[in-house]
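Take a look at the letters that make up each chain.
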Amino acid sequence: EIDGDEAVPQLAPTIQNLLDQRTLRWVFVGGKGGVGKTTCSCCIALQFARVRKNVLLISTDPAHNLSDAFGQKFDRKPTLVQGCDNLYCMEIDPKRALEDTEETDSAAAADSPLGSLVKDLGTTIPGIDEATSFAHVMKLVKTMDFDVTVFDTAPTGHTLRLLQMPQTLSKGLQRLGQLKSLFGGMLGQLAAMMGMPDLASAGSRMEEFQKSLEDVSQQFSDPETTTFVCVCIAEFLSLYESERLIQELALLNLDVHNLIVNQLLSPPKDSSCELCTARLKMQRKYLRQMNELYFDFHITKLPLLTREVRGTEQLREFSQLMLHPVEFPVDDEAEELEAGQAGPAAAVADGGNAKQEE
């Protein structure tokens, strides 16, 4: 516990800690929909490109935005970003990628009743399709020679399922292994009767696949190689969902110690805009709660601009704010918008899901 009278040293409000961590290989960027994840992912990747040999930015969201952000068309192959010499982008749908690689296998399976039976058994495992798709993407990325890979992920719910997939698929393969131990002899005899090769090669491939999956899972749970950057805005729903996301990441043993607060308002002091004044008051309220709840995080605050951030040069310029942030003072004496209204931290605590103390 921390003494209330004891001043807690605030961590640097930048992403410099990520750039300094030379062992990082996987950086996931996620949060609630509409908070600017794609823009932040692009900016983080551009900053990594300054200090690393080569960087891959990959979108795992079926509703891709990387092409729109950079003003350049990307597909399922790494494409060099215009204006960069070591930053590549990919837009890939995990399920579509898996389907493409299965075209030849499915034709062979159609001629193989036993192969079709094993495949049908495999698809009955909950989540096996999505998990296998994700494993294929990871296998594809690992074959490429990139120092660090930044993932522009889908909104929170999809992202959590994505990160849980190594564990899901590992359980599924264990279940298939149990079936093999129980019925392996019978299936082997059946294969011989039908003039088919034995199942040893299939079993070997399954074990090899499970081993590579365990390697991915181990890397994800290693804070030296993997981290998650949470993006939010200074509103109740966004902060509440970010807290739940951070708790889920903790349960998955995934490192997260960077929080980006995007789209912050900074009107002139003499502004007569009532909307700006009201939004600024609400913004300060939630910034105070973030400072209290995430005192052990690097909290980077980014402004809401009067223009869109599109194209490599504008993204590169905006990314500088992640290293040299704008000051957004928090007025400790500002009144709450509604008397007695609970904030996200209190709401989560009341629900029995309070952030675990280390």
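Look up a bit, the structure's there.
First, a word on scope: everything that follows refers to the structure included in this document. Counting restarts for each chain: residues are numbered from 1 in the order of the written sequence. With the structure being a predicted model, the display of local features is reserved for residues of pLDDT at least 70 and the display and counting of side-chain atom pairs for 80 or more, all residues being used for whole-chain, interface and lining totals. Note: side-chain values were computed over all heavy atoms of the structure, leaving out hydrogens and water.

1. Concerning the pairing of strand 8 (residues 298-303)
- In terms of residue burial, strand 8 counts as a mostly covered element, since 6 of its 6 residues are buried.
- Here's how the labels work: a residue is buried when its accessible area is under 20% of the maximum for its type, exposed when over 50%, partly exposed in between, all with a 1.4 Å probe on protein chains only. For helices the rule is a DSSP run of H or I covering at least 4 residues; for strands it is a run of E covering at least 2, with both sets numbered from the N terminus onward. Side chains His298, Thr300 and Leu302 of strand 8 all project onto a buried face; the interleaved residues Ile299, Lys301 and Pro303 project onto the opposite face, where all are buried too.
- Across 5 bridges, the pairing between strand 7 (residues 256-264) and strand 8 is parallel. When the sheet's bridge partners are listed, leucine 264 is paired in strand 8 with proline 303.
- Since strand 7 and strand 8 lie parallel, the crossover through helix 11 (residues 274-293) that links them has a hand, and here it is right-handed. For two strands to be treated as a pair, DSSP must find at least two bridges joining them. By convention a crossover is right-handed if, when the strands point away from the viewer, the path from the first strand over the helix to the second runs clockwise.

2. A few points about the pairing of strand 6 (residues 226-233)
- Among the 8 residues of strand 6, 8 are classified as buried, and the element is accordingly described as predominantly covered.
- A two-sided burial pattern is seen for strand 6, the buried positions comprising Thr226, Phe228, Cys230 and Cys232 on one face and Thr227, Val229, Val231 and Ile233 on the other.
- In terms of strand pairing, strand 1 (residues 26-31) meets strand 6 through 6 bridges, oriented parallel. Its bridge partner being in strand 6, phenylalanine 28 is matched across the sheet by phenylalanine 228.
- Of the strand pairs in this sheet, strand 6 and strand 7 are connected by 6 bridges, and their pairing is parallel. By the bridge assignment for strand 7, phenylalanine 228 is matched with valine 256.
- Assessed by its sense of winding, the connection that carries the chain from strand 6 through helix 10 (residues 236-251) to strand 7 is right-handed.

3. Some remarks on the packing of aromatic side chains
- Stacked, edge-to-face and tilted are the three classes for Phe, Tyr and Trp ring pairs, Trp counted by its six-membered ring, which pair at centre distances within 6.5 Å; planes under 30 degrees apart are stacked, over 60 edge-to-face, the rest tilted. Under the criterion given, the structure shown has 8 aromatic pairs.
- When the centroid spacing of 5.2 Å and the interplanar angle of 85° are considered together, the rings of phenylalanine 28 and phenylalanine 220 count as edge-to-face. One end of the pair, phenylalanine 28, is in strand 1; the other, phenylalanine 220, is in helix 9 (residues 200-220), with 192 residues separating them in the sequence.
- Exposure remark for phenylalanine 28: the relative accessible area of 1% places this residue in the buried category.
- Residues phenylalanine 236 and tyrosine 240 carry aromatic rings whose centres are separated by 5.7 Å and whose planes lie at 10° to one another, so their mutual orientation is stacked. On the criterion of helical spacing, the pair formed by phenylalanine 236 and tyrosine 240 is a turn pair, its members being 4 residues apart in helix 10.
- Judged by its relative accessible area of 26%, phenylalanine 236 falls in the partly exposed class.

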